Amino acid sequence: MVNKIGKENLNHLISVANVLHAENPLAVEDDWIEVYGLEEGNVDVTAVDPELAITISSATQMGKVYQRLIYDTMQSGKQTNET
């Protein structure tokens, strides 16, 4: 998804995240699908080894993790103290 959106657009989306979080998530999803030409994949995020995770995180929890991963990836050469 990051490659499809592109770095410049991703930077923009992160910069407006404080506004977008108040929007209807399904509307934002629909907009992103249309604007960035996103297509449905075949990854099952619920196919988790029960020894690694007892419960499946909510979409919001997963979004927060992905946001941190994307942000950390964009910070080339910098380390964060978050775990």
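Some details on the overall build of the protein
Then step 1. When helices and strands are tallied, the protein shows five helices and zero strands.
Then step 2. For the protein, the N- to C-terminal ordering of α and β elements is α-α-α-α-α.
Then step 3. On the principal axes, the C-alpha backbone points of the protein span a range of 40 × 30 × 25 Å.
Then step 4. Every one of the 83 residues in the protein was classed for burial, and the buried ones make up 10%.
Then step 5. Taking contacts inside the protein between residues at least 6 apart in sequence as the whole, the part at least 24 apart equals 47%.
Then step 6. Summed over all atoms, the accessible surface of the protein reaches about 7,400 Å², with 53% contributed by carbon and sulfur.
Then step 7. In the protein, the 5 positive side-chain charges and the 13 negative ones have mean positions that sit 12 Å from each other.

Observations concerning a nonpolar patch on the surface
Then step 1. Taken together, the side chains of Val43, Val45, Val65, Tyr66 and Leu69 present a nonpolar region at the surface, about 480 Å² in accessible area.
Then step 2. When you line up the elements, Val45 lands in the loop between α4 (25-36) and α5 (59-74).

Considerations on α4
Then step 1. Between its terminal C-alpha atoms α4 stretches 16 Å, which fits the 16 Å expected from twelve residues at 1.5 Å a residue.
Then step 2. The backbone nitrogen of Leu26 lies 2.7 Å from a side-chain oxygen of the residue at the head of α4, namely Asn24.
Then step 3. Positive phi shows up at Gly37, right after α4, with a value of about 65°.

Considering the nonpolar core
Grouped burial of nonpolar side chains is what soluble globular proteins tend to show.
Then step 1. Ile5, Leu10, Leu13, Tyr36 and Leu38 form the largest nonpolar core, which has five residues in total.
Then step 2. Beyond its immediate chain neighbours, meaning those up to four positions away, Leu38 contacts Met1, Lys4, Ile5, Trp32 and Ile33.

Re the environment of Asp72
Then step 1. By the element assignment, Asp72 lies in helix α5.
Then step 2. Among the residues examined, Asp72 registers a relative accessible area of 27% and is labelled partly exposed.
Then step 3. Spatially, the C-alpha atom of Asp72 lies 15 Å from that of Ala17, the residues being 55 residues apart in sequence.

Some words on the environment of Ser58
Then step 1. As for its placement among the helices and strands, Ser58 is situated in the loop between α4 and α5.
Then step 2. Taking the C-alpha atoms as reference points, Ser58 and Leu38, 20 residues apart in sequence, are found 21 Å from one another.

Examining the confidence of the model for the protein
Then step 1. Of the residues in the protein, 90% have a pLDDT of 70 or more, and the chain-wide mean is 82.
Then step 2. The element-level mean pLDDT for the protein is lowest in α5, coming to 81, with α4 highest at 92.

What counts and how
- Residues numbered from 1 in each chain as written.
- Predicted model: local features only at pLDDT ≥ 70, side-chain atom pairs only at ≥ 80, totals over all residues.
- Heavy atoms only, no water.
- Helix = DSSP H or I, 4+ residues; strand = E, 2+ residues; numbered from the N terminus.
- Buried < 20%, exposed > 50% of the residue type's maximum accessible area, 1.4 Å probe, protein only.
- Contact = heavy atoms within 4.5 Å.
- Areas by Shrake-Rupley, 256 points an atom, 1.4 Å probe, with all protein chains shown as cover.
- Lys, Arg positive; Asp, Glu negative; His and termini not counted.
- Charge placed at Lys NZ, Arg CZ, Asp CG, Glu CD.
- Patch = residues over 30% accessible without salt bridge, like charges linked within 9 Å, V, L, I, M, F, W, Y side chains within 5 Å.
- Salt bridge = Lys/Arg side-chain N within 4 Å of Asp/Glu carboxyl O.
- Expected span 1.5 Å × (residues − 1).
- Polar contact = N/O pair within 3.5 Å; in protein donor to acceptor, adjacent residues only side chain to side chain.
- Core = buried A, V, L, I, M, F, W, Y, C linked by side-chain atoms within 4.5 Å.
- pLDDT = per-residue confidence, 0-100.

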